[in-house]
Amino acid sequence: VEEYVDHRAVERSLAKATVRGDRMTLKALEAEAEGILAGNLTEKHVRDMLRKKSELTPESYNCAVARLSSFFRYCRANGYMHPHVDLLAQVIRRKPVGREFLRLGAEEFPYLLDATDTERNRAIVAVGLYAFLRGGEMRSLNVSDLNLDRGTLRVTIRKGGGWVDQMPI
């Protein structure tokens with residue numbers, strides 16, 4: 001497990017949260033298998049581990065299955081498991097439930113801005129609304145990111161590998 005997680009973290013240059021999720025899923029499998037080597041795992045170990053994840057949303061459950069699939073593929077490629085063993089052959093992914101998220105129309109932006117309690121908070125909400133920023137992107141903003149001469153705001157977009165965007169204001 002640690003070899004695989006290190007491979008994912010270093011060689012694939014994945015986000016810390018992705019590697020942390022891999023580790024958590026595989027530690028749950030390790031706990032279920034009680035120290036059994038990868039080549040000796042059975043469908044029962046996997047099924048019992050996934051049964052304990054039954055309270056997860058379909059998206060999270062399917063993500064755990066995808067993490068296991070990637071780990072098993074790594075194990076087969078590196079000779080830790082027989083190349084024709086598929087421990088997920090009987091596992092059925094769950095159908096995601098469509099959820100409706102609260103969406104504000106542009107005509108509602110002024111009402112949200114008026115609901116703020118200070119000018120500072122009003123400015124923060126305005127930047128987030130009109131630049132379509134995520135919470136983490138807003139939290140990472142500094143005054144030095146604002147360039148009034150050029151009319152831009154420098155935003156670090158962390159999702160998707162991380163990059164810097166000069167957004168017009």
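Colleague: How do you make sense of the packing of helix α3 (residues 43-51) against helix α4 (residues 58-77) when you look at a structure like this?
Modeller: To describe two helices that pack against each other, one gives the angle between their axes and the distance between the axes. Two elements in contact, α3 and α4, have axes whose closest approach is 11 Å; the angle formed by their N-to-C orientations is 155 degrees. If you check the angle between α3 and α4, you find them roughly antiparallel. The element α3 and its partner α4 pack so that their crossing is right-handed. When α3 is examined against α4, the residues Val46, Met49 and Leu50 are found in contact with a partner set consisting of Tyr61, Val65, Leu68 and Phe72. Of the residues contributing to the contact of α3 with α4, the split by class is 7 nonpolar, no polar and no charged.

Colleague: I tried to follow the nonpolar core on my own but got confused; where do I start?
Modeller: For soluble globular proteins, nonpolar side chains are generally found buried alongside one another. Counting residues in hydrophobic clusters, the biggest one holds 21 residues, and the most contacted among them are Leu29, Val46, Leu50, Leu68, Phe71 and Phe72. Counting residues per element, the ones that place at least two in this core are α1 (2-11), α2 (16-33), α3 and α4. Ranked by the residues each element gives to this core, the list is headed by α4, at 7 residues. Here Phe72 is in contact with Leu29, Leu41, Val46, Met81, Leu87 and Leu88, once residues within four sequence places are set aside. Counting residues in hydrophobic clusters, the runner-up holds 5 residues, among them Leu133, Leu153, Val155 and Met167.

Colleague: What is the right way to read a nonpolar patch on the surface from this model?
Modeller: Residues Leu102, Leu104 and Leu112 make up a contiguous nonpolar surface patch of about 300 Å² in total accessible area. Structurally, the position occupied by Leu112 is in helix α5 (residues 109-114). Assessed through its relative accessible area of 35%, Leu112 is described here as partly exposed.

Colleague: Before we go on, may I ask you to explain α2 in this structure?
Modeller: Here α2 spans 25 Å end to end across 18 residues, near enough to the 26 Å set by a 1.5 Å rise per residue. For α2, the complete set of buried residues consists of Val19, Gly21, Asp22, Thr25, Leu26, Leu29, Glu32 and Ala33. Within α2, the buried residues cover an arc of 160 degrees as seen down the axis, which keeps them to one side. Residues of α2 that are exposed and angled more than 90 degrees away from the buried face: Lys16, Met24 and Ala31. Where α2 is buried, its residues touch α1, α3 and α4.

Colleague: Looking at this model, I keep getting lost on the state of the cysteines. Mind explaining?
Modeller: A covalent bond bridging the sulfur atoms of two cysteines is what the word disulfide describes. Under the definition given, this model contains 0 disulfides. With no disulfide of its own, Cys75 has Cys63 as its nearest cysteine by sulfur position, at a separation of 18 Å.

What counts and what doesn't
- Residues numbered from 1 in each chain as written.
- Predicted model: local features only at pLDDT ≥ 70, side-chain atom pairs only at ≥ 80, totals over all residues.
- Heavy atoms only, no water.
- Axes fitted to C-alpha atoms, helices over the stretch in contact; angles between N-to-C directions.
- Helix = DSSP H or I, 4+ residues; strand = E, 2+ residues; numbered from the N terminus.
- Parallel < 35°, antiparallel > 145°, perpendicular 65-115°, else oblique.
- Left-handed = near helix turned anticlockwise from the far one by under 90°.
- Contact = heavy atoms within 4.5 Å.
- Nonpolar A, V, L, I, M, F, W, Y, C, P; charged D, E, K, R; others polar.
- Core = buried A, V, L, I, M, F, W, Y, C linked by side-chain atoms within 4.5 Å.
- Buried < 20%, exposed > 50% of the residue type's maximum accessible area, 1.4 Å probe, protein only.
- Patch = residues over 30% accessible without salt bridge, like charges linked within 9 Å, V, L, I, M, F, W, Y side chains within 5 Å.
- Areas by Shrake-Rupley, 256 points an atom, 1.4 Å probe, with all protein chains shown as cover.
- Salt bridge = Lys/Arg side-chain N within 4 Å of Asp/Glu carboxyl O.
- Expected span 1.5 Å × (residues − 1).
- Arc of directions from axis to C-beta.
- Disulfide = S-S within 2.5 Å.

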